[in-house]
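Inside the fold
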Amino acid sequence: MKKIKKLSDKQKDLLLIKARAEFGDHALYEVSQGSHGLTLYAYADSPGEATLLRNTIPLWWNRLFTIVIYIDTPADEG
């Protein structure tokens, strides 16, 4: 599979719209350079949504490597 090396901002915006339409609004999406070239990052809102997205989003999507991220941060005390 040939990796995408560079996209214009308009092309990135179109991919983000397409990702949200295809995978839902369970996450915030970002296209940026990663260790495997251009990567679609999906920042999930909860552990359950992260699991759902990991089962839904393929490892490669529209020639972009994909990563689903959820970071459980402790609530602020005080």
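Anything mentioned here points back to the structure above.
Residues numbered from 1 in each chain as written. Predicted model: local features only at pLDDT ≥ 70, side-chain atom pairs only at ≥ 80, totals over all residues. Heavy atoms only, no water.

1. Quick notes on the pattern of salt bridges
If you walk through the whole model with that rule in mind, you get 1 salt bridge. When the shortest N-O distance is used, the salt bridge between Asp-25 and Arg-20 registers 3.8 Å. (Salt bridge = Lys/Arg side-chain N within 4 Å of Asp/Glu carboxyl O.)

2. Re the sheet that holds strand β1 (residues 27-34)
Backbone hydrogen bonds hold the strands of a sheet together, and the pairing may be parallel or antiparallel. What the 4 strands build is an open sheet, ordered β1-β2-β4-β3; its pairing is mixed. The open sheet has two edge strands with one neighbour each: β1 and β3 (60-61). Relative to strand β4 (residues 64-69), strand β2 (residues 37-44) is paired through 5 bridges, and the arrangement is parallel. In the strand pairing of β4, Leu-40 is matched with Thr-66. Across the face of the sheet, helix α2 (residues 47-56) comes into contact with β1, β2 and β4 while running at roughly 160° to β4. (Pairing = 2+ DSSP bridges. Helix = DSSP H or I, 4+ residues; strand = E, 2+ residues; numbered from the N terminus. Contact = heavy atoms within 4.5 Å. Axes fitted to C-alpha atoms, helices over the stretch in contact; angles between N-to-C directions.)

3. A short note on the side chain of Thr-39
Looking at the element boundaries, Thr-39 is found in strand β2. One polar contact links the side chain of Thr-39 to the main-chain carbonyl oxygen of Gly-37, over a distance of 2.9 Å. If we ignore the near neighbours within four places in the chain, the residues touching Thr-39 are Glu-30, Val-31, Ser-32, Gly-34, Leu-64, Phe-65, Thr-66 and Ile-67. (Polar contact = N/O pair within 3.5 Å; in protein donor to acceptor, adjacent residues only side chain to side chain.)

4. Some points on the packing of aromatic side chains
Going through the model one piece at a time under the given rule, you end up with 3 aromatic pairs. When the centroid spacing of 6.2 Å and the interplanar angle of 20° are considered together, the rings of Tyr-41 and Tyr-43 count as stacked. Given a relative accessible area of 31%, Tyr-43 falls into the partly exposed group. (Phe/Tyr/Trp six-rings, centres within 6.5 Å; stacked < 30°, edge-to-face > 60°. Buried < 20%, exposed > 50% of the residue type's maximum accessible area, 1.4 Å probe, protein only.)

5. Focus: helix α1 (residues 9-23)
Counted at 1.5 Å a residue, the expected span for α1 with its 15 residues is 21 Å, and the 21 Å between its end C-alpha atoms agrees. Considered for burial, the residues of α1 that qualify are Leu-15, Ala-19 and Phe-23. Each buried residue of α1 sits inside an arc of 40° when the element is viewed along its axis, so together they form one side. Opposite its buried face, α1 presents the exposed residues Asp-9, Lys-10, Leu-14, Ile-17 and Ala-21, each directed more than 90 degrees away. (Expected span 1.5 Å × (residues − 1). Arc of directions from axis to C-beta.)

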